[in-house]
Amino acid sequence: MSEFLPSGIQAILPDIIQLVYLVATGIFIVGIKRLGSPDTARSGNQLAALGMLIGLVVTLFDQQIISYEYIIAGIVIGSAIGAFAAKKVEMTAMPEMVAIFNGFGGGASALVAWGEFRRTAPELFAGQEIATIGLSILIGSITFTGSFVAFGKLKGFISGNPITFPAQNIFNAFITIVGLALVGWLTFDPASQLVFWIIFGIALVLGVLTVLPIGGADMPVVISLLNSYSGLAASMAGFVINNNLLIISGALVGAAGLILTNIMCKAMNRTLGNVLFGAFGGDNGDSGSGPAADTDKTVHETTAQDVAIQCAYADKVVITPGYGLAVAQAQHVLKEVVDKLEKKGVEVKYGIHPVAGRMPGHMNVLLAEADVPYDQLYDMEQINPEFKSTDVVLIIGANDVVNPAAKTTQGSPIYGMPILNVDEAERTIVFKRSLSPGFAGIDNALFYEESNQMFFGDAKETLQDLSQALSNL
Amino acid sequence: MSGLIFNLFIFVLASFIGFELISKVPPTLHTPLMSGANAISGITIIGAVVVAGQVDSQVAQLIGFCAIVFATINVVGGFMVTDRMLEMFKKKDRSNE
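These numbers come from a predicted model, not from an experiment.

Trainee: A description of the overall build of chain B should follow, citing residues and the corresponding values.
Mentor: The helix and strand inventory of chain B stands at four helices and zero strands. Overall, chain B shows an N-to-C arrangement of helices and strands of α-α-α-α. For chain B, the C-alpha radius of gyration of 18 Å lies well beyond 13 Å, the compact-globule estimate for 97 residues. Expressed as lengths along the three principal axes of its C-alpha atoms, the size of chain B is roughly 60 × 30 × 15 Å.

Okay, here's the thing in C-alpha cells:
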C-alpha cells in the first residue's frame with residue numbers, strides 16, 4: 001500500500017505510524033478506564049474497538065507489508081466466524097465464549113512468533129530476539145490449549161471434576177523447567193529446528209495438563225488467568241516484532257487479568273496456588289460428591305401457596321439467585337414475581353455473590369438481560385448486614401454461595417469462602433430441583449436448618465407457580 | 001540490547017497502568033470487563049498482519065494467515081459480545097425508573 005504514496009510521505013511514514021500507535025494506545029487506556037463504570041462501559045468498549053481499528057489500518061501502510069491477499073482473506077474469514085459466534089451465543093454460555101476467544105488470541109500470538117521464526121534466517125537473530133520468540137510460543141500455546149480444555153470442561157465435553165494422575169504437579173513443574181531451559185538453548189543455537197519444535201510441543205501439552213486437574217468450580221479463575229496469559233502472549237509477540245502498541249496493550253490486559261484473578265480468588269477464599277495445584281471440587285473423598293445420602297436429616301418441603309403468603313406478608317425479601325436460575329431461563333419470571341411483591345409493598349433486593357453464575361459478575365449480566373435495574377442488585381458486602389432484618393430469603397438455583405459450611409465446617413473444601421449469610425434471616429426458602437450438591441460438589445447444611453424450607457422443582461416452573469399464587473392472594 | 005531494555009520499560013509501565021485501571025471496578029462489571037480485555041488482547045492481529053504481508057517466505061505467510069484468522073475471531077467476536085452484554089446494562093436503566 002505504501003508504494004502508492006508520494007515519496008515525501010513515505011520517508012516520514014514510519015514516524016507517522018508510531019504516532020498513530022501512540023494515539024491508539026491512549027484510546028485503549030481511556031477505553032479500559034471507561035469499562036470500569038456501568039454508565040460509561042459501553043462507550044469504553046466501543047472506544048477500545050476503535051483504537052484497534054485505527055492501529056490495524058495504519059499498520060497496513062507499513063513498508064514491510066507488500067502482499068495483501070492473505071491479510072484480506074484472513075480478516076474476512078475471522079470476522080465472519082467471530083461475528084457469528086458473538087451474535088449466536090446465549091448469555092448463560094458467556095464463560096465458554098470468553099474461554100474460546102481467549103484461546104484464539106493466545107494461539108494467534110504463538111503463530112506470529114512462529115511466522116517470524118520461519119521468515120528470518122536463524123543466524124540473523126540476536127539472542128534476545130530468539131528468547132522472546134521462544135517465550136511467545138510458550139505462553140501463546142499454553143493459552144491456546146488451556147483455553148480449549150477450559151471450554152470443554154464448561155461445556156461438559158470433558159468432566160468438570162479434577163482429572164489428575166500421580167505426581168502431576170511435579171511432572172508439570174518439570175516440563176515447564178525443561179521448556180524454559182530449551183528456550184535458553186535456542187538462544188545459543190537458533191538454527192535448531194528440533195529444539196524449536198520440542199518447545200512448541202511442550203507448551204501445547206502443558207496447556208492441557210495445567211487445566212485438566214482444575215475442578216469446574218474454579219474454572220472462572222482459570223479463564224481469568226488464561227485471559228491474563230493471552231495478554232502476556234500478545235505483549236511477547238510485540239517484543240518479537242518490536243511493536244510498542246502490542247507490548248502496551250498486551251501488558252494492560254495481562255495486568256488486568258491478574259487483578260481480576262486475584263479478586264475472584266479472594267471472593268472464594270482461595271489462593272492462586274491452591275486453585276492451580278489443589279485439584280478442588282467434585283471428587284474430594286470426604287466431601288461426598290454423590291446426592292446427599294444422609295437419611296437421618298430431614299428437610300421441610302413447602303408449596304407455592306405457602307411461599308406466596310410468606311413473601312406477600314413480609315416487610316423485606318432478599319433474592320439470592322444462582323446459576324440454576326439462569327440455566328432454567330427463569331430471570332423473566334423472577335422479575336414478574338418481584339414486580340408483584342413490590343406492588344404489595346414488600347421491599348425486594350437482590351443479593352449477588354461475586355462468583356454467582358459461572359464467572360464473576362456473570363449473574364449481573366444474566367439479570368440485566370431480564371431488565372432487572374442494577375440499583376436493585378446488591379453485592380455481597382452490601383447485602384450481608386441486611387440479612388438480620390430480612391424476613392424471607394429466596395434462594396433460587398444457588399447452592400455453594402450460601403452454604404454455611406464455609407463458616408462452620410473446618411476441613412470442608414469451601415471453608416473460609418465468604419458467603420451470603422442467608423441463615424441469619426428469619427426464614428430461607430430454597431428453590432431447587434433436588435437435594436443434590438452444586439458445582440463445588442458438596443452437601444449443603446442449610447437445607448436441613450429449622451428455619452429453611454425447600455421448594456422443589458425447576459426454577460422456571462416453581463417461579464411460575466409462585467407468580468400465579470401471588471395473583472390469587 | 002538497548003531495544004530490549006526500552007521495550008521492557010514500556011512493558012512494566014503499562015502493567016502498572018493496567019493494575020491501576022482495573023483495581024476499582026465493581027463486581028457487576030467483571031464479566032464484560034473480562035470479555036472486553038480479552039478482545040483487546042487480540043491486538044496481536046497487528047503482528048499477524050505484519051507476518052502475513054511479507055513475501056520472503058510462503059510458509060510464514062500461511063502461518064500469518066492462520067494467525068490473522070485466529071486473532072480476528074478474538075477481536076471481532078470479543079468486542080461484539082461485550083457490546084451485547086453492555087447494551088443490556090444500559091437500556092433497563094431508563095425503562096424502570
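Trainee: Help me get a handle on unusual backbone geometry, residues and values and all.
Mentor: Its identity as a non-glycine residue notwithstanding, A:Asn242 has a phi of 60 degrees, on the positive side. Relative to the assigned elements, A:Asn242 resides in the loop between helix 8 (219-241) and helix 9 (244-267).

Trainee: Report on the packing of helix 8 of chain A against helix 1 (residues 2-22) of chain B, specifying residues and quantitative values.
Mentor: It is at 11 Å that the axes of helix 8 of chain A and helix 1 of chain B come closest, and there the two elements cross at 155 degrees. Regarding the angle of helix 8 of chain A to helix 1 of chain B, the classification is roughly antiparallel. Between helix 8 of chain A and helix 1 of chain B lies a crossing of right-handed hand. When helix 8 of chain A is examined against helix 1 of chain B, the residues A:Leu232, A:Ser235 and A:Phe239 are found in contact with a partner set consisting of B:Leu4, B:Asn7, B:Leu8 and B:Phe11. For the contact of helix 8 of chain A with helix 1 of chain B, the residue count by class is five nonpolar, two polar and no charged.

Trainee: For the interface of chain B and chain A, give the residues involved together with the corresponding values.
Mentor: Listed by partner, the interface residues are 85 residues for chain B and 107 residues for chain A. When chain B packs against chain A, close to 8600 Å² is buried across both sides, 75% of that on carbon and sulfur atoms. For the pair chain B and chain A, the number of links is 20 residue pairs in polar contact (both at pLDDT 80 or more). For the side of chain B that touches chain A, the secondary-structure elements that each account for two or more residues are helix 1, helix 2 (30-41), helix 3 (45-52) and helix 4 (58-95) of chain B. Counting residues per element, the side of chain B that touches chain A draws most heavily on helix 4 of chain B, which supplies 35 residues. Of the residues contributing to the side of chain B that touches chain A, the split by class is 51 nonpolar, 25 polar and nine charged.

Trainee: I'd like a rundown of the side chain of A:Ser147, residues and numbers included.
Mentor: Residues and elements named next belong to chain A. Within the fold, Ser-147 resides in helix 5 (residues 127-155). According to the relative accessible area criterion, Ser-147 is buried, its value standing at 0%. Looking at Ser-147, its side chain comes within polar contact range of the main-chain oxygen of Thr-143, at 2.7 Å. For Ser-147, the residues in contact, after removing those within four places along its chain, are Ala-99, Asn-102, Gly-103, Ile-142 and Leu-226.

Trainee: How would you sum up the pattern of salt bridges? Please name residues and give values.
Mentor: All names here are of chain A. Counted according to the given criterion, the structure contains 10 salt bridges over all chains. Salt-bridge contacts for Glu-424 lead to Lys-388; the nearest nitrogen and oxygen are separated by 3.5 Å. Within this pair, whereas Glu-424 is found in the loop between helix 16 (405-408) and strand 5 (427-432), its partner Lys-388 is found in the loop between helix 15 (380-383) and strand 4 (392-396), the two being separated by 36 residues in sequence. Lys-388 sits in the exposed class, given a relative accessible area of 64%. Each of the salt bridges in this network shares a partner with another, and the network as a whole consists of Lys-316, Glu-347, Lys-349 and Glu-386.

Trainee: So, the packing of aromatic side chains: which residues are in play, and what are the values?
Mentor: All names here are of chain A. Scanning the entire structure with this criterion turns up 14 aromatic pairs over all chains. Judged by centre distance (5.6 Å) and plane angle (85 degrees), the ring pair of Phe-196 and Trp-197 falls under edge-to-face. Members of the aromatic cluster, connected to one another through ring pairs, are Trp-114, Phe-117, Phe-196, Trp-197 and Phe-200. Above the face of the Tyr-378 ring, Lys-349 is positioned so that its terminal group lies 4.8 Å from the ring centre.

Trainee: Let's hear about the sheet that holds strand 3 (residues 377-379) of chain A: which residues, and what values?
Mentor: Residue and element names in this part refer to chain A. Spatially, six strands are ordered 3-2-1-4-5-6 in an open sheet, and the strand pairing comes out parallel. Each edge of the open sheet carries a strand with a single partner, namely strand 3 and strand 6 (452-456). Adjacent strand axes in the sheet meet at a mean angle of 25 degrees when their direction is disregarded. Where strand 2 (residues 347-352) and strand 3 come together, three bridges link them in parallel fashion. The residue of strand 3 that forms the bridge with Gly-351 is Tyr-378. Those strands touched by helix 14 (residues 362-369) are strand 1 (316-321), strand 2 and strand 3, and its axis lies near 140 degrees from that of strand 2.

Conventions and cut-offs
The numbering scheme is per chain: residues are counted from 1 as the chain's sequence reads. For naming, the first written chain is A and the first written ligand is 1, with later ones following in the order written. Where local features are concerned, this predicted model is filtered to residues with pLDDT of at least 70; where side-chain atom pairs are given and counted, the filter is 80 or more; whole-chain, interface and lining totals use all residues. The side-chain values count all of the structure's non-hydrogen atoms but skip hydrogen atoms and water molecules. The numbering of helices and of strands both runs from the N terminus, where a helix is a DSSP run of H or I of at least 4 residues and a strand a run of E of at least 2. The globule rule is 2.2 Å times the number of residues to the power 0.38, and the radius of gyration it is compared with is taken over C-alpha atoms. Axes here refer to lines fitted to C-alpha atoms; in helices the fit is confined to the stretch in contact. Angles between the N-to-C directions go from 0 to 180 degrees. Note on terminology: angles under 35 degrees are roughly parallel, angles over 145 are roughly antiparallel, angles of 65 to 115 are roughly perpendicular, and the others are oblique. Crossings are classed by handedness, with left-handed meaning an anticlockwise turn of the near helix from the far one by less than a right angle and right-handed meaning a clockwise turn. Only heavy atoms enter the contact rule, under which two residues are in contact if any of them lie within 4.5 Å. Residues are grouped as follows: Ala, Val, Leu, Ile, Met, Phe, Trp, Tyr, Cys and Pro are nonpolar; Asp, Glu, Lys and Arg are charged; all remaining types, including Gly, are polar. A simple way to read buried area is as the amount of 1.4 Å-probe accessible surface that goes missing from two parts once joined, with both sides added. Pairs of N or O atoms within 3.5 Å make up the polar contacts considered here, provided that, within protein, one atom can donate a hydrogen while the other can accept it, and that residues adjacent in sequence are counted only when both atoms are side-chain atoms. Residue exposure (1.4 Å probe, protein chains only): buried if accessible area is under 20% of the type maximum, exposed if over 50%, otherwise partly exposed. Here, a salt bridge means any Lys or Arg side-chain nitrogen found within 4 Å of an Asp or Glu carboxyl oxygen. Two aromatic rings from Phe, Tyr or Trp, using only the six-membered ring of Trp, form a pair when their centres are within 6.5 Å; if the ring planes differ by under 30 degrees the pair is stacked, by over 60 it is edge-to-face, and anything between is tilted. Both a distance and an angle decide whether a charge sits over a ring: NZ of Lys or CZ of Arg must be within 6 Å of the ring centre and within 35 degrees of the ring normal. One requirement defines pairing of two strands: DSSP has to find at least two bridges between them.

Such coordinate-based values are descriptive only and should not be taken to indicate function.
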